[in-house]
Structures are given as structure tokens and as C-alpha cells.
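# Secondary and tertiary structure notes
Spelled out from the first residue to the last, the chains are:
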Amino acid sequence: MTGQPPFHVSLTRLLAYRKVDPAALSRAAAVAHREIEAVLDGAAPGPSLLRRLAPALHLHTADLFVVAGRAVPEDLAPLDAEAGRTVPTLVGYAIRLPPERRHRLRHLVHSLPQQRRTTPVPPPKPHARYPPGPGAMVVRMLHNRNLNWVGSVQSLATLTPLYLSAATIGQVGHGRSALSPERLVALATLLAVPAGELAALTGVVLPADAPPVAPGAADVAELIWDVRRLTAAQVRQVRDRARSMLEP
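Report on the accompanying structure. (Residues numbered from 1 in each chain as written. Predicted model: local features only at pLDDT ≥ 70, side-chain atom pairs only at ≥ 80, totals over all residues. Heavy atoms only, no water.)

## Remarks on the overall build of the protein
Test applied: In this text, helices come from DSSP runs of H or I with a minimum length of four residues, and strands from runs of E with a minimum of two, each type numbered from the N-terminal end. Each residue gets one of three labels from its accessible area relative to the maximum for its type: buried under 20%, exposed over 50%, partly exposed in between, using a 1.4 Å probe on protein chains only. In this description, contact between two residues means that some pair of their heavy atoms is separated by no more than 4.5 Å. In short, Shrake-Rupley with a 1.4 Å probe defines the accessible areas, and a residue's cover is counted only from the protein chains shown. Under the counting rule used here, the positive set is Lys and Arg, the negative set is Asp and Glu, and His together with the chain ends is not counted. Just so you know, the charge point we use is NZ for Lys, CZ for Arg, CG for Asp and CD for Glu.
Helices and strands together make up the secondary structure of the protein, namely 14 helices and zero strands. Across the protein, helices and strands are ordered from the amino to the carboxyl terminus as α-α-α-α-α-α-α-α-α-α-α-α-α-α. The principal-axis extent of the C-alpha atoms belonging to the protein is close to 55 × 35 × 35 Å. Considering the protein as a whole, with its 248 residues, one finds that 48% of them fall into the buried category. At a minimum sequence separation of 6, the contacts of the protein that also span at least 24 residues come to 72%. Total accessible area on the protein stands at roughly 12,100 Å², and carbon and sulfur atoms take up 56% of it. Averaging the coordinates of the 28 positive side-chain charges in the protein and doing the same for the 18 negative ones gives two points 5 Å apart.

If you want it as C-alpha cells, here you go:
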């Protein structure tokens with residue numbers, strides 16, 4: 001499959017999957033019905049509309065910008081690219097914690113102060129400039145979580161049965177390797193997006209017997225999102241706390 005689905009196609013499929021009609025979306029987003037109809041007819045949504053639609057669609061706003069094929073605004077991008085290096089280790093500790101301790105860990109993350117960005121968001125490196133496609137959509141969502149190719153495969157191997165090479169993640173992003181149903185299910189787990197919804201957004205057809213997500217993996221995937229707006233020092237603090245929680 002090549003070419004990213006136009007936004008109105010992805011949105012139409014998502015609404016159909018959820019059995020939500022445009023009028024209900026209009027009310028939930030507090031957007032005029034005619035604006036919703038215009039988007040569903042193919043009009044490109046502006047940044048302001050995307051910000052209003054995302055909460056109504058129960059999607060992260062940064063992810064909806066990706067679905068729309070737009071650059072993610074600076075205020076929605078990960079705060080500190082250096083922090084991404086620590087995320088896979090944090091994932092490895094957090095998945096081994098019992099649910100109550102994972103809850104406490106997430107509470108710690110939410111209690112940490114939000115720091116100001118000290119440097120502008122760097123432009124994508126050449127290898128991370130993906131042509132439009134369903135694979136690019138998913139890999140860009142991984143980048144929204146401060147996961148590069150290496151961090152993605154390390155975290156996938158911890159949370160799911162799927163093992164890929166870092167190069168394969170890049171090939172999926174560039175459309176040179178298929179975003180297969182098996183890969184989509186595993187990547188949906190890492191993204192904390194229901195597989196059926198991610199399938200609707202990308203156009204990938206899932207088998208009827210897609211496996212359920214393990215509760216622990218779902219918790220840790222949410223933790224990955226939680227730490228995306230922390231500094232590298234703060235993520236290391238969370239990692240160290242997770243490690244200490246494993247001790248008797």
C-alpha cells in the first residue's frame with residue numbers, strides 16, 4: 001500500500017468504525033456542522049480545527065496533525081529529544097512492576113513540573129523525512145512519543161511479541177517494507193491506540209482474531225506518552241524510581 005490516505009478518508013473510516021455520525025462529532029468538538037461536512041468532503045483542516053477535533057475524537061492532538069499530514073507544532077512535540085534515549089530502559093523496568101506500582105510511577109510523572117523548552121524543535125533528519133503513506137503515519141506517531149527507530153524496536157520487543165530491526169522501522173516509514181496487520185497490531189500497542197482505530201486511520205485490514213493487548217503493556221504504553229514532555233533529567237529520575245520499585 002502506498003500513499004497516505006487523505007484526511008477525509010481516514011476520518012470517515014474512523015467515524016464509521018466508531019459508529020459516530022458527523023452531527024455527533026460536530027457537537028462534541030463544538031464545531032459548526034458545515035465545517036465537519038466540508039472536511040469530510042475533502043477540505044483540508046486547519047491547525048485550529050485539528051486542535052478542536054482531537055479531543056472530540058479521543059486522539060492525541062499531535063497524532064491528529066500526523067494523520068492530517070501536517071507538521072506537529074512545537075508546543076505539541078516532545079520536549080527533549082535526548083530524553084528518548086532513556087525511554088526503552090524505563091519501559092523495561094515498568095513492565096515488570098505490579099499494576100499498583102505502575103500507577104504510582106505514573107503519578108510521579110504527572111507530579112513533575114513542566115519545564116520550558118530551551119531549544120527549538122530540530123527539523124527531521126534526512127532519514128526521518130518520510131513520503132506520505134500509512135507506514136509514515138505510524139512511524140511519525142512513534143516520533144511523537146520521543147521514540148526513534150532504535151527506541152521503537154527496543155520498546156516493541158519489551159511490550160509485544162514482535163521483534164524488528166531498527167532499519168525495518170525506517171523501511172516501514174519510507175514505504176519500502178509493508179505495514180502488515182501483524183506489525184500494525186504490535187505498533188498500535190506501543191502507541192496506546194486501539195488496533196481497530198489505527199487500522200481505520202491507515203487503511204490496513206486487520207484479521208478478525210487480532211489478539212488483545214496485555215494490560216501491563218497498555219499501562220506502559222500510556223507511560224511512554226506521559227514522559228514525552230519531560231526533560232532528559234526528569235526521565236532519568238523516573239527510570240531510577242522504576243528501578244528502585246523493583247527492589248524488595
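Picking up after the structure, the text goes on.
## Considerations on the packing of aromatic side chains
We count it as follows: Pairing of aromatic side chains requires ring centres within 6.5 Å, counting the rings of Phe and Tyr and the six-membered ring of Trp. Pairs whose planes differ by under 30 degrees are stacked, by over 60 edge-to-face, and all others tilted. Should the NZ of a Lys or the CZ of an Arg lie within 6 Å of a ring centre and within 35 degrees of the ring normal, that charge is described as sitting over the ring.
What the rule picks out here adds up to zero aromatic pairs. The ring of Trp-225 carries Arg-228 above its face, with NZ or CZ at 4.0 Å from the centroid.

## Some points on the packing of helix H8 (residues 134-144) against helix H11 (residues 181-191)
Spelled out, the test is: Here an angle of 0 to 180 degrees is reported between the N-to-C directions of two axes, which are lines fitted to C-alpha atoms, with helices fitted over the stretch in contact. Convention used here: angles under 35 degrees read as roughly parallel, angles over 145 as roughly antiparallel, angles from 65 to 115 as roughly perpendicular, and any remaining angle as oblique. Definitions for this section: a left-handed crossing has its near helix turned counterclockwise from the far helix by less than a right angle. A right-handed crossing has that turn clockwise. Polar here means any residue outside two lists: the nonpolar Ala, Val, Leu, Ile, Met, Phe, Trp, Tyr, Cys and Pro, and the charged Asp, Glu, Lys and Arg; Gly therefore counts as polar.
The contact between H8 and H11 brings their axes to 10 Å, and the two run at 25°. Here H8 is positioned roughly parallel relative to H11, judged by the angle of their axes. Read as a crossing pair, H8 and H11 show a hand that is left-handed. Residue-level contacts link Val-138, Met-141 and Leu-142 of H8 to Leu-187, Leu-190 and Leu-191 of H11. Along the lines of polarity and charge, the residues of the contact of H8 with H11 split into six nonpolar, no polar and no charged.

## So, the nonpolar core
For clarity, the threshold we go by: Note on terminology: a nonpolar core comprises buried Ala, Val, Leu, Ile, Met, Phe, Trp, Tyr and Cys residues joined through side-chain atoms within 4.5 Å.
Ranked by size, the top nonpolar core spans 74 residues in total, and within it Leu-57, Leu-64, Leu-105 and Ile-169 carry the most contacts. Those residues in contact with Leu-64, other than ones at most four positions away along the chain, are Phe-7, Leu-50, Leu-53, Ala-54, Leu-57 and Leu-59.

## A short note on the pattern of salt bridges
We apply this condition: Here a salt bridge means any side-chain nitrogen of Lys or Arg lying within 4 Å of a carboxyl oxygen belonging to Asp or Glu.
Counting across every chain of the model gives nine salt bridges. Ionic pairing is found between Arg-85 and Glu-82, a salt bridge with its closest N-O pair at 3.6 Å. A residue is classified by how much of its surface remains accessible, and Glu-82, at 40% relative accessible area, is partly exposed. With a closest N to O distance of 3.4 Å, Arg-104 and Glu-100 form a salt bridge. Separated by four residues within a single helix, Arg-104 and Glu-100 lie in helix H7 (residues 99-111), roughly one turn from each other. When its relative accessible area of 35% is taken as the criterion, Arg-104 is described as partly exposed. Judged by relative accessible area, Glu-100 falls into the partly exposed class, the value being 48%. Several salt bridges converge on common partners, so that one network encompasses Arg-239, Asp-240 and Arg-243.

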